[in-house]
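# Observations on chain architecture
So the chains spell out like this:
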Amino acid sequence: MSKQPKLGRIPSIRDRVEDTLSAHRILQPHSLIDELDNIHGEDQATVDLKNGPFGEIIKSAQEAIVLPPFVAIAVRPRPGVWEYVRVNVYELSVEQLSVSEYLSFKEELVDGKINDNFVLELDFEPFNASFPRPTRSSSIGNGVQFLNRHLSSIMFRNKDSLEPLLDFLRAHTYKGHALMLNDRIQSISKLQSTLVKAEDHLSKLPPDTLYSEFEYVLQGMGFERGWGDTAERVSEMMHLLSDILQAPDPSTLETFLGRVPMVFNVVILSPHGYFGQANVLGLPDTGGQVVYILDQVRALENEMLLRIKKQGLDFTPRILIVTRLIPDAKGTTCNQRLERVSGTDFTHILRVPFRSDNGTLRKWISRFDVWPYLETYAEDVASEIAAELQGYPDFIIGNYSDGNLVASLLAYKMGVTQFTADLIAMNNADFIITSTYQEIAGTRNTVGQYESHTAFTLPGLYRVVHGIDVFDPKFNIVSPGADMSIYFPYSEKQKRLTALHGSIEKLLYDPEQTDEYIGSLKDRSKPIIFSMARLDRVKNITGLVESYAKNSKLRELVNLVVVAGYIDVKKSRDREEIAEIEKMHELMKTYNLNGEFRWITAQTNRARNGELYRYIADTKGAFIQPAFYEAFGLTVVEAMTCGLPTFATCHGGPAEIIEHGVSGFNIDPYHPDQASELLVEFFQKCKEDPSHWDKISDGGLQRIYERYTWKIYSERLMTLAGVYSFWKYVSKLERRETRRYLEMFYILKFRDLANSVPLATDDAH
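## Looking at the nonpolar core
- Grouped together as the largest cluster of nonpolar side chains are 82 residues, with contacts concentrated most on Phe223, Trp227 and Phe256.
- At eleven residues, the largest contribution of residues to this core is made by helix 27 (residues 710–731).
- What Trp227 contacts, discounting residues up to four positions off in sequence, is Met180, Leu181, Arg233, Val234, Met237, Met238, Leu241, Phe256 and Gln311.
- Formed by 71 residues, the second largest nonpolar core is a distinct cluster that contains Ile504, Leu507, Met584 and Leu612.

## Focus on empty space enclosed by the protein
- The tally for this structure, following the rule as stated, stands at four cavities of 30 Å³ or more.
- Estimated volume of the second largest cavity: approximately 80 Å³.
- Considering the residues around the second largest cavity, the lining is formed by Gly258, Val260, Pro261, Met262, Val263, Phe264, Arg307, Ile308, Gln311, Met718 and Gly722.
- Secondary structure elements with two or more residues in the lining of the second largest cavity: helix 13 (288–310) and helix 27.
- When its residues are assigned to classes, the lining of the second largest cavity shows seven nonpolar, three polar and one charged.

## With respect to the sheet that holds strand 1 (residues 26–27)
- Taken together, the five strands give an open sheet; going across it, the order is 1-2-3-4-5, and neighbouring strands pair in antiparallel fashion. The open sheet is flanked by strand 1 and strand 5 (93–97), the only strands paired with a single partner.
- Judged from the five bridges that link them, strand 4 (residues 81–88) and strand 5 form a sheet pairing that is antiparallel. Bridge assignment links Val85 to a residue of strand 5, and that residue is Gln96.
- Of the strands in this sheet, strand 1 and strand 2 (61–67) touch helix 2 (residues 29–37), which is tilted by about 75° from strand 2.
- Sitting on the sheet, helix 5 (residues 99–111) touches strand 1, strand 2, strand 3 (70–78), strand 4 and strand 5, and the angle it makes with strand 2 is about 55°.

## Structural notes on the pairing of strand 26 (residues 646–649)
- Relative to strand 26, strand 25 (residues 622–625) runs parallel, the two being bridged by three bridges. Considered in strand 26, the bridge of Phe623 is made with Thr646.
- Note that the unit made of strand 25, helix 23 (residues 634–641) and strand 26 has a crossover that is right-handed.
- Where strand 26 meets strand 27 (residues 665–667), three bridges bridge the pair, whose relative direction is parallel. Each residue of the ladder has a partner; that of Phe647, found in strand 27, is Phe665.

## Observations regarding the pattern of salt bridges
- According to the stated counting rule, one finds 43 salt bridges in the structure shown.
- When the shortest N-O distance is used, the salt bridge between Arg76 and Glu451 registers 2.8 Å. With Arg76 in strand 3 and Glu451 in the loop between helix 17 (437–441) and strand 18 (456–458), this residue pair connects regions lying 375 residues apart in the sequence. Each of the two residues, Arg76 as well as Glu451, counts as buried.
- One salt bridge connects Arg133 with Asp469, and the closest N-O pair in it is separated by 2.5 Å. Separated by 336 residues along the polypeptide, Arg133 in the loop between helix 6 (125–128) and helix 7 (143–155) and Asp469 in the loop between strand 19 (462–466) and strand 20 (475–477) bring together distant segments of the chain.
- Among the ionic contacts, a cluster of salt bridges with common partners joins Glu303, Arg307, Lys711 and Glu715.

## Description of the sheet that holds strand 26
- With respect to topology, seven strands assemble into an open sheet ordered 21-24-23-22-25-26-27, the strand pairing being mixed. Two strands in the sheet have a free side with no partner beyond their single neighbour: strand 21 (517–521) and strand 27. Each strand of the sheet is rotated relative to its neighbour by a mean of 20°, with strand direction disregarded.
- Helix 18 (residues 501–509) contacts strand 21, strand 22 (528–532), strand 23 (559–563) and strand 24 (596–600) of the sheet and is inclined by roughly 120° relative to strand 24.
- Here helix 25 (residues 672–688) sits on the sheet and contacts strand 22, strand 25, strand 26 and strand 27; the angle it forms with strand 27, its principal contact strand, is near 155°.

## Describing the packing of helix 14 (residues 374–389) against helix 15 (residues 400–414)
- For the pair helix 14 and helix 15, the least separation of the axes is 9 Å and the interaxial angle reads 55°. As judged from the angle between their axes, helix 14 and helix 15 are oblique. Crossing handedness for the pair helix 14 and helix 15: right-handed. In this structure, helix 14 contributes Leu374, Glu375, Tyr377, Ala378, Val381, Ala382 and Ile385 to the contact, and helix 15 contributes Asp402, Leu405, Val406, Leu409, Leu410, Lys413 and Met414.
- Looking at the contact of helix 14 with helix 15 residue by residue, the classes come out as eleven nonpolar, no polar and three charged.

## Quick word on unusual backbone geometry
- Cis geometry marks the peptide bond from Pro68 to Pro69, where omega comes out at 5°.
- Of note, Pro69 is situated in the loop between strand 2 and strand 3.
- The backbone phi angle of Met180 is positive, close to 70°, even though this residue is not glycine.
- Along the chain, Met180 turns up in the loop between strand 8 (177–178) and helix 9 (188–203).
- Exposure remark for Met180: the relative accessible area of 0% places this residue in the buried category.

## A few points about the pairing of strand 2
- Among the seven residues in strand 2, seven count as buried, and that is most of the element.
- Judged from the six bridges that link them, strand 2 and strand 3 form a sheet pairing that is antiparallel. Across the sheet, Leu67 pairs through a bridge with Phe70, a residue of strand 3.
- If you look at the hairpin formed by strand 2 and strand 3, you'll find two residues sitting between the two strands.

## What about the layout of surface pockets?
- There is about 650 Å³ of room inside the second largest pocket.
- Taken together, 27 residues make up the lining of the second largest pocket; nearest its centre are Phe168, His172, Met262, Asp394 and Ser725.
- Elements represented by at least two residues in the lining of the second largest pocket include exactly strand 7 (173–174) and helix 27.
- Element by element, the count of residues in the lining of the second largest pocket is highest for helix 27, at four residues.
- Each residue belonging to the lining of the second largest pocket can be placed in one class, and the counts come to 15 nonpolar, eight polar and four charged.

## Describing the packing of aromatic side chains
- In total, this model carries 34 aromatic pairs according to the counting rule given.
- Geometrically, the ring pair formed by Phe431 and Tyr724 is tilted, given 5.2 Å between the ring centres and 50° between the ring planes. In this pair, Phe431 is assigned in the loop between helix 16 (423–428) and strand 17 (432–434) and Tyr724 in helix 27, connecting sequence segments 293 residues apart. The pair formed by Phe431 and Tyr724 is uniform in burial state, with each residue classed as buried.
- When the ring centre of Phe70 is taken as origin, the NZ or CZ atom of Arg86, which lies over that ring, is 4.6 Å away.
- In this arrangement the basic side chain of Lys495 is found over the ring face of Phe488, its NZ or CZ atom lying 4.5 Å from the centre.

## Thoughts on the environment of Phe264
- Note on placement: Phe264 falls in the loop between helix 12 (250–259) and strand 9 (265–269).
- On the basis of relative accessibility, which here comes to 2%, the residue Phe264 falls in the buried class.
- Taking the C-alpha atoms as reference points, Phe264 and Phe395, 131 residues apart in sequence, are found 9.2 Å from one another.
- Beyond its immediate stretch of four places on either side in the chain, Phe264 contacts Tyr174, Leu179, Met304, Ile308, Leu313, Phe315, Pro317, Arg318 and Asp394.

## Points about the packing of helix 11 (residues 231–246) against helix 12
- Between helix 11 and helix 12, the shortest axis-to-axis distance is 9 Å and the interhelical angle comes to 140°. Considering the angle they form, helix 11 stands oblique to helix 12. Between helix 11 and helix 12 the crossing geometry is left-handed. Residues Glu236, Met237, Leu240, Leu241, Asp243 and Ile244 of helix 11 form the contact with helix 12, whose own contacting residues are Thr252, Leu253, Thr255, Phe256 and Arg259.
- By residue class, the composition of the contact of helix 11 with helix 12 is six nonpolar, two polar and three charged.

Analysis parameters
- Residues numbered from 1 in each chain as written.
- Predicted model: local features only at pLDDT ≥ 70, side-chain atom pairs only at ≥ 80, totals over all residues.
- Heavy atoms only, no water.
- Core = buried A, V, L, I, M, F, W, Y, C linked by side-chain atoms within 4.5 Å.
- Buried < 20%, exposed > 50% of the residue type's maximum accessible area, 1.4 Å probe, protein only.
- Helix = DSSP H or I, 4+ residues; strand = E, 2+ residues; numbered from the N terminus.
- Contact = heavy atoms within 4.5 Å.
- 1 Å grid on protein atoms, 1.4 Å probe; cavity = no way out; pocket = protein on both sides within 12 Å on 5 of 7 lines; lining within 4 Å.
- Points joined across faces, edges and corners; volume = space filled by probe spheres on them.
- Nonpolar A, V, L, I, M, F, W, Y, C, P; charged D, E, K, R; others polar.
- Pairing = 2+ DSSP bridges.
- Axes fitted to C-alpha atoms, helices over the stretch in contact; angles between N-to-C directions.
- Right-handed = clockwise from strand over helix to strand, strands pointing away.
- Salt bridge = Lys/Arg side-chain N within 4 Å of Asp/Glu carboxyl O.
- Parallel < 35°, antiparallel > 145°, perpendicular 65-115°, else oblique.
- Left-handed = near helix turned anticlockwise from the far one by under 90°.
- Phe/Tyr/Trp six-rings, centres within 6.5 Å; stacked < 30°, edge-to-face > 60°.
- Lys NZ or Arg CZ within 6 Å of the ring centre and 35° of its normal.

Here you go:
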């Protein structure tokens, strides 16, 4: 006898939502969207749930905290704008939460029920309430331009309001030398009439007449050096100022201020790791940041020298990279106090040791252990900088949390402009330089790196209810580039480093299996897809290998080469890297990748790496950057600068660097099958039409030349510094209230936290 079908109740919407959430305590955005999509059914209630207000909340949610029957959700309708709601899954009712209430709800995950109603909360919003800021998300990252437009509209209402500009130009000096204007010009009307006389005098001179030939004539009128090195340049500057005085315009003012001599001494801070020019890459805490800063200072020095020359000055600029002196330097130069940077004349690495009551620390210590040393270090650094520069720097750039804290302490002590980041430093900084918009405010669907500091909690310590406002005009995007003496297009045959091709071919094709490379490429006629990164979970190199291994069509079309980490697990001391090494070996065995895959250990020879990109381009291959998140993506810029078509993560800076389908392709590491299919489609199309490869290669190069070069970076940074310095002088943009609040927080709370880190000593090593 056949069994009768058993009747059962169809799960209600409440049941479905409750079942979905019961297995989780914190849900991330992709999980929320996937779970919403997994609610099946075509009845009207399900459709209304997905497409109604509840569905909209889930689609714009960035985090959900589950404490049944409630789910608290952080909703982000657009970049930089946050709301917090709580959903009762039994009733499907929604109520609004304050930031404090949301963070308190989140803390219950850690501490259970919160009984303390008096938690320390940091709130910077009241200090910034009256400070001008844009309101559109699209304006984020263009802070100085906004500030320039906003303050210009206030300052240029009448002629009397132009007096601060006159005061600024008259107060301009450098090491006792008067610049721009002297005491002969006491008023705006006098300045205007004298500009007319000076321009008339200059018009009668040949354009290339040197400044020294008419210096005394202009000095008698009231003009000092700094206007230019030739009659033509001086005339251009004076014409810009005349235009500003007659018909003020923010754009003209920015151009003028960008040419006024203001920056002669720069300090860049990077205390942790081994900072040197040779034999340091790959040592603990030492990697891309060293390369970035060395490229940065070379570009900055060139720009400073060019500007000083064009300004008609003969001052010597100085750039100091301040880092830690390590007496036990492991064969590097990290025990030398002062070291000139190669390729520069006036840029040096200044090393200052860590010290405590126990004396000077001789050995390297992890960046996680440096905190108890930083306050004393900042005092020592201030003295060393003052001695080396015979004065104070014009601005300070901080890098990473430790460098940013030292930068904040120095900027306060020396009263100079600070470019930096992190919670204390971001609120203390004059302005914050980022590489991309995404670093600040992400995308419509992803949160920016700095935006994540908007509100957060450290249970048991303190809550930050309003930490960073990404609309603040201190945020400015200035994108770096790649060193074009190393990274240049594969098509520039006369510059190619052909002497390295033998060693590159050995890296790629040598059948012997060594500690430096394993795997093999049997079909050398196939294009190579290539990736180079640290071997950790975020960089997702093993994810790339796995998605390649699973796609038979992709394996048929191309070979895969990765340069990452160690091959021998015994050589790594990093737990995460060890897990990735083991996973890589397992993938090679499971999918029988030998013949189509080559794994090469991390390479630190930059010249050969540059030629390696170009060699891959010769095979008509591509570069893949599959990270789950990448703040900027320097390897993406390097590959594109070499003319190599690039596929890079859509999470972070690369999504901004690459215009999808024009200068490369965006891939989603959370959907590896789709990324593999995109690669198959590209290489299949290139097989049928080889010009398609050239089109993407050329599109990438054009994108780099338009936006991502060190020349563009240094020009923009110097201009922003000039514009901000002017507005800081005339508008008193000191934010003193914020800084006093930060001092109190630092002294009462942060200093104790820093000192609670166990003091690392030489004996511990």
